[in-house]
Amino acid sequence: AAAEVVAEALRHLDNDAPALARLLAAMLARRDQWLRHAVAEGAGAESERGLRLLVERELAAAAAAVGIDLQARLLPLARYAAGNLAPPSPVAALADWADNLAGRAEELPLWRGLCELLLTKDGTVRKQVDVRAGFPATKEGKPFKDAMTALLADLGAGGRDVAAIERIRRLPDPRYGAEEWQTVNALAGLLRLGAAQLWTVFHEAGETDFIEVAQRALQALGDVEMPSDLALRLDYGIRHLLVDEFQDTSPAQIELLRRLTAGWTPGDGRTLFAVGDPMQSVYRFRKADVGLFLRAAEAGIGGLPLERLRLTRNNRSCTPIVDWVNRAFAAVFPAEDSATSGAIAYRPFVATRSELPSAGVVVHPLVVAREDRGEGAAAEARRILEIVDAERAADPARHIAVLVRARGHLEPLVAEIRRCRTDMRFRAVEIEGLAERQCVQDLLALTRALLHRADRVNWLAVLRAPWCGMRLADLHALAADDFEATIWSLMNEPARLDRLSPDGRSRLLHARDVLGGALAQRGRVRLSRWIEGAWLGLGGAACLADAAEAEDARGYLDLVERLDAAGRFDLDRIEDELDGLYAAPDAQADGTLEFMTVHKSKGLEFDTVILPGLHRGSRGDDEPLMRWEEVALEDLDECLIAAPVGKRGSRAGGTPTPFDYIGALERERSANEAARLLYVGATRAVRRLHLVGVAQRKADGEVAAPPACFLGLLWESVGRLFSEAEDVRLPGSAAGEPAAAFASRLVRAAVPAVPAVLRAPLPAAPGRAASPAP
């Protein structure tokens, strides 16, 4: 049976086994979202039920936007237009329109016709209609055309939610095709099989993960109809529950609360107190759903109603910052709450903190010419350092934080500090990856070399590393004329040693003695001790620059120890594990200057906050092989919609598939969360908020809002400042000279200044010509 399940899934993926493995791994990492649905009978039927519910919610919103009055005016006009058109025009379906549309799934073809009739391809209300829309320019048709033109004018100027109507275009048919039914059921079986195998792995390794702990907690409590003995005991013992950060709850956590409060009734003396700010819900990547907050506030949890309390005091920021945030973010956030799209309307606040001098918001507009590509990052890094210097000049003890959307957005700033401001100490909170530190790269090269004698690249890296430090000329003499032998065997050939310089020979002999002793000890000591012993013998510890590098090296060796003890060490795995570890913060930093992501700053406050990279977007996720969506029903019940990938537009008429629709929902929720993430960053500031972004000037001189980024969200508030700003120039460039051209001129001018020792040809090895100068 297991083989049949896997075979069916492979058939859907054209026998792409690696793709299926990636899909299964991704699904198992979030199995708390779908496992209880996949275990239940009729997974496909539940999925179709949820899809129908989502479609009907969208149709109901469109019906409310149009209104009964406009439908009454529109019905005869739409039927007239449908009589003049034929399939495949969607308008032709309106010939069967006979009653007010209420948002039922069966009405979807009629709504598609209305979208085509009322809206342009860009989603805006039509200004006029013609024969292509079903209104020919005839004497008989003129009254219909005039009436339709007047109706369109009312629709465009009536303050109606046109976006709700336009969303109809992305709706799929509310039912699965035969192939989709088969695929959903096959994948559900595969997921059940994968979850069982994962539990076996956990049992054998004596390990678990957070999802497994949460699932076992739910199992221990039983269900609402059949509570366990533990649930009954807790029911008598728990009198009050306090849930903090409630805006970031997931469906599994809501289910846990429901079971803990099963049987509670209003007025029995037991209380559930949930605290959260929906405007700070920024953990969708952990499957936090702000829609659960909205539904719980409206309908309670289980049978327990909740009283809503609205807090309006801001005890962190000074009045100028709070006032600016209230004005700017009222336009950034959506106009209304929506649980389906994860939209939260802005709630204004009132500042309570006493006034501080020089408090406020400062925008730093940096504008570059469109043909210039590299100067924006450099100019932004310099501007940030200027801001830091000015803030420290005003108050050396001022706590300054540089907050970014993604870790990579700090790379230009860190590079500028490493290059020009080595005296500036800062604390980076999970910013610099451990694998990027030189001491860790050297240790990884040593590990690979010791475990694989034929790995020439890493053996040469070991000889080049600071603990050995052989010059390139000596390495060339050692190995350049023999690409077959291992570096270790070449190190042991006496004739090779005669080719080296006296300095290179002494360095090589020391490394050979240490590495030879290490190779002789292989398998006799634990792996981490073996690598560490070789590293210490080579002098690796003496080459570390400071305590932070020592902590980084220790972090690498501890990782090797953990993987080896669990029996999971291999060279590919250790690099994957390193990707999730970060270098130790600078121990010499005094804590007054910190770099971190906005997510890490949540809950903190700083005297001064600098938000750079406003023009940078987030990295798009790879398209998955299957999307799924938990749809909340009444009382916060959920059903799962599973949408396997298929050929886009493969259905009749090119209509969207469930996979397309859920993807569009995800993009909309991501955009709504981006606004909340920007809000979190801006509201960390107590006294001063600095906004730094780069915009491009077009050939016609216009400065446009960058798309899909923080700066685009704030453009209504700050766009004028960018339009009026002068283009940035690198120091030393001529007036009007593009920065890219100036940088190129600098490079050309610097070429003759390269030290002669670096430009000289490498010495020739016996029997080979000298290598040319680089």
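Residues numbered from 1 in each chain as written. Predicted model: local features only at pLDDT ≥ 70, side-chain atom pairs only at ≥ 80, totals over all residues. Heavy atoms only, no water.

A.B. asks: So, the overall build of the protein: which residues are in play, and what are the values?
C.D. replies: Helix and strand counts for the protein stand at 30 helices and twelve strands. Expressed as a percentage of the 774 residues in the protein, the buried residues total 47%. In the protein, once contacts between residues fewer than 6 apart in sequence are set aside, the share between residues at least 24 apart is 74%. Accessible surface computed for the protein: about 38,200 Å², of which carbon and sulfur atoms make up 54%. (Helix = DSSP H or I, 4+ residues; strand = E, 2+ residues; numbered from the N terminus. Buried < 20%, exposed > 50% of the residue type's maximum accessible area, 1.4 Å probe, protein only. Contact = heavy atoms within 4.5 Å. Areas by Shrake-Rupley, 256 points an atom, 1.4 Å probe, with all protein chains shown as cover.)

A.B. asks: Before we move on, can you summarise the packing of helix α1 (residues 2-12) against helix α8 (residues 178-205) with the specific residues and values?
C.D. replies: Packing of α1 against α8 brings their axes to within 9 Å, and their N-to-C directions diverge by 130 degrees. On the basis of the axis angle, α1 is oblique to α8. Judged by the twist between their axes, the crossing of α1 over α8 is left-handed. Of α8, the residues touching α1 (which contributes Ala2, Val5, Val6, Glu8, Ala9 and His12) are Gln182, Thr183, Ala186, Leu187, Gly189, Leu190 and Leu193. (Axes fitted to C-alpha atoms, helices over the stretch in contact; angles between N-to-C directions. Parallel < 35°, antiparallel > 145°, perpendicular 65-115°, else oblique. Left-handed = near helix turned anticlockwise from the far one by under 90°.)

A.B. asks: With reference to specific residues and values, describe helix α26 (residues 658-682).
C.D. replies: Between its first and last C-alpha atoms α26 spans 37 Å; for 25 residues at 1.5 Å apiece the expected length is 36 Å, and the two agree. The buried count for α26 comes to 20 of 25 residues, which makes it a mostly enclosed element. (Expected span 1.5 Å × (residues − 1).)

A.B. asks: Can you lay out the packing of aromatic side chains for me, pointing to particular residues and giving the numbers?
C.D. replies: Counted according to the given criterion, the structure contains twelve aromatic pairs. Ring centres 4.0 Å apart and planes at 5 degrees place the aromatic pair Tyr80 and Phe144 in the stacked group. Separated by 64 residues along the polypeptide, Tyr80 in helix α4 (residues 43-83) and Phe144 in helix α6 (residues 142-157) bring together distant segments of the chain. On the basis of an interplanar angle of 50 degrees and a centroid distance of 6.0 Å, the ring pair of Phe246 and Phe293 is categorised as tilted. Of the two residues, Phe246 sits in the loop between β1 (240-243) and α11 (251-260) while Phe293 sits in helix α12 (residues 290-299), which places them 47 residues apart along the sequence. Note on Phe246: relative accessible area 3%, which makes it buried. Put simply, the rings of Trp324, Phe329, Phe333, Tyr346 and Tyr679 touch in pairs and so form one group of aromatic residues. Directly above the ring of Phe349 sits Arg310, whose terminal nitrogen or CZ lies 5.5 Å from the centroid. (Phe/Tyr/Trp six-rings, centres within 6.5 Å; stacked < 30°, edge-to-face > 60°. Lys NZ or Arg CZ within 6 Å of the ring centre and 35° of its normal.)

A.B. asks: Help me get a handle on the pattern of salt bridges, residues and values and all.
C.D. replies: Under the definition given, this model contains 48 salt bridges. Here Lys602 ties to Glu245 by a salt bridge, and the two come within 2.8 Å at their closest N and O atoms. Placement of the pair is Lys602 in the loop between α25 (598-601) and β9 (606-611) and Glu245 in the loop between β1 and α11, with a sequence separation of 357 residues. Across the salt bridge formed by Arg270 and Asp268, the nearest N and O atoms sit 2.9 Å from each other. (Salt bridge = Lys/Arg side-chain N within 4 Å of Asp/Glu carboxyl O.)

A.B. asks: Provide a residue-level description of the layout of surface pockets, including the pertinent values.
C.D. replies: In this model, the second largest pocket occupies a volume close to 1,400 Å³. Along the walls of the second largest pocket sit 41 residues, with Val275, Gly276, Asp277, Leu309 and Leu311 positioned nearest its centre. Among the elements of the structure, β2 (271-274), α12 and β3 (313-314) are those that each provide at least two residues to the lining of the second largest pocket. Of the residues that constitute the lining of the second largest pocket, the class distribution is 18 nonpolar, ten polar and 13 charged. (1 Å grid on protein atoms, 1.4 Å probe; cavity = no way out; pocket = protein on both sides within 12 Å on 5 of 7 lines; lining within 4 Å. Points joined across faces, edges and corners; volume = space filled by probe spheres on them. Nonpolar A, V, L, I, M, F, W, Y, C, P; charged D, E, K, R; others polar.)

A.B. asks: Give a detailed account of unusual backbone geometry, specifying residues and quantitative values.
C.D. replies: Of note, the amide linkage connecting Pro87 to Pro88 takes the cis form, showing an omega dihedral of 15 degrees. Positive phi is not limited to glycine here, since Glu245 has a value of about 55 degrees. According to the relative accessible area criterion, Glu245 is partly exposed, its value standing at 38%. A positive phi is found at Ser358, a non-glycine position, where the angle reads about 60 degrees. With respect to the helices and strands, the residue Ser358 is situated in the loop between β4 (350-351) and β5 (360-369).

A.B. asks: Tell me about the pairing of β9, and name the residues and values.
C.D. replies: Counting buried positions over the six residues of β9 gives five, a clear majority of the element. Note that strand β6 (residues 400-404) and β9 share three bridges and pair parallel. Across the sheet, residue Val402 finds its bridge partner in β9, namely Ile610. When β9 meets strand β12 (residues 685-697), the two strands line up parallel, connected through five bridges. Across the sheet, Phe606 pairs through a bridge with Ala685, a residue of β12. (Pairing = 2+ DSSP bridges.)

A.B. asks: With reference to specific residues and values, describe a nonpolar patch on the surface.
C.D. replies: A cluster of nonpolar residues, Leu242, Phe273, Val275 and Leu309, forms a patch on the protein surface that exposes about 410 Å² of accessible area. Note on placement: Val275 falls in the loop between β2 and α12. (Patch = residues over 30% accessible without salt bridge, like charges linked within 9 Å, V, L, I, M, F, W, Y side chains within 5 Å.)

A.B. asks: Can you lay out a negative patch on the surface for me, pointing to particular residues and giving the numbers?
C.D. replies: A cluster of acidic residues, Asp572, Asp576, Glu577 and Asp579, forms a negative patch on the protein surface. Note that Glu577 resides in helix α24 (residues 571-578). The class for Glu577 is partly exposed, based on a relative accessible area of 30%. (Lys, Arg positive; Asp, Glu negative; His and termini not counted. Charge placed at Lys NZ, Arg CZ, Asp CG, Glu CD.)

A.B. asks: Can you lay out helix α28 (residues 715-724) for me, pointing to particular residues and giving the numbers?
C.D. replies: Those residues of α28 lying buried are Trp715, Val718, Gly719 and Phe722. Projected onto a plane normal to the axis of α28, the buried residues spread over an arc of 130 degrees and lie on a single side. Exposed residues pointing more than 90 degrees away from the buried face of α28 are listed as Arg720 and Glu724. The secondary structure elements touched by the buried residues of α28 are α13 (319-332), β5, β12 and α27 (710-713). (Arc of directions from axis to C-beta.)

A.B. asks: Give a detailed account of the nonpolar core, specifying residues and quantitative values.
C.D. replies: Counting 69 residues, the largest nonpolar core has Leu94, Trp97, Trp111, Leu117 and Met148 as its most contacted members. Leaving out residues up to four positions away in the same chain, Trp111 has contacts with Leu59, Ala62, Ala63, Val66, Leu101 and Ile168. Counting residues in each nonpolar core, the second largest holds 64 residues, with Leu241, Leu294, Val367 and Leu614 among its members. (Core = buried A, V, L, I, M, F, W, Y, C linked by side-chain atoms within 4.5 Å.)

A.B. asks: So what's going on with the sheet that holds β6? Residues and values would help.
C.D. replies: With parallel pairing, six strands are arranged side by side in an open sheet as β5-β12-β9-β6-β8-β7. Every other strand in the sheet has two partners, leaving β5 and β7 (427-428) as the edge strands with one partner each. Here β5 runs beside β12; their pairing, made up of ten bridges, is parallel. In the sheet register, Val362 faces β12, and the bridge partner there is His690. Along the sheet, α13 contacts β5 and β12; its crossing angle with β12, the most-contacted strand, is approximately 45 degrees.

A.B. asks: Which residues make up the environment of Val560, and what values go with them?
C.D. replies: Note that Val560 resides in helix α23 (residues 547-565). Judged by its relative accessible area of 0%, Val560 falls in the buried class. Counting along the chain gives ten residues from Val560 to Asp570, while the straight-line C-alpha distance between them is 9.3 Å.

A.B. asks: With reference to specific residues and values, describe the environment of Gly134.
C.D. replies: Within the secondary structure layout, Gly134 lies in the loop between α5 (108-118) and α6. Residue Gly134 is classed as buried on the basis of its relative accessible area, which comes to 0%. Once the C-alpha coordinates of Gly134 and Ala86 are considered, the two residues, 48 residues apart in sequence, prove to be 9.5 Å apart.

A.B. asks: Give a detailed account of the confidence of the model for the protein, specifying residues and quantitative values.
C.D. replies: Of all residues in the protein, 89% have pLDDT values of 70 or greater, and the mean over the chain is 84. Overall, residues 647-652 carries pLDDT values under 50, and its contacts beyond four positions in sequence, including any with other chains, amount to 17 contacts. Per-residue pLDDT stays below 50 along residues 733-774; that stretch engages in 42 contacts with residues further than four places along the chain or on separate chains. (pLDDT = per-residue confidence, 0-100.)

A.B. asks: Outline the side chain of Thr447, listing residues and values.
C.D. replies: Tracing the sequence through the fold places Thr447 in helix α16 (residues 438-451). Side-chain polar atoms of Thr447 contact the backbone oxygen of Leu443, separated by 2.9 Å. In contact with Thr447, other than residues within four places in its own chain, are Ile531, Tyr556, Phe569 and Leu571. (Polar contact = N/O pair within 3.5 Å; in protein donor to acceptor, adjacent residues only side chain to side chain.)

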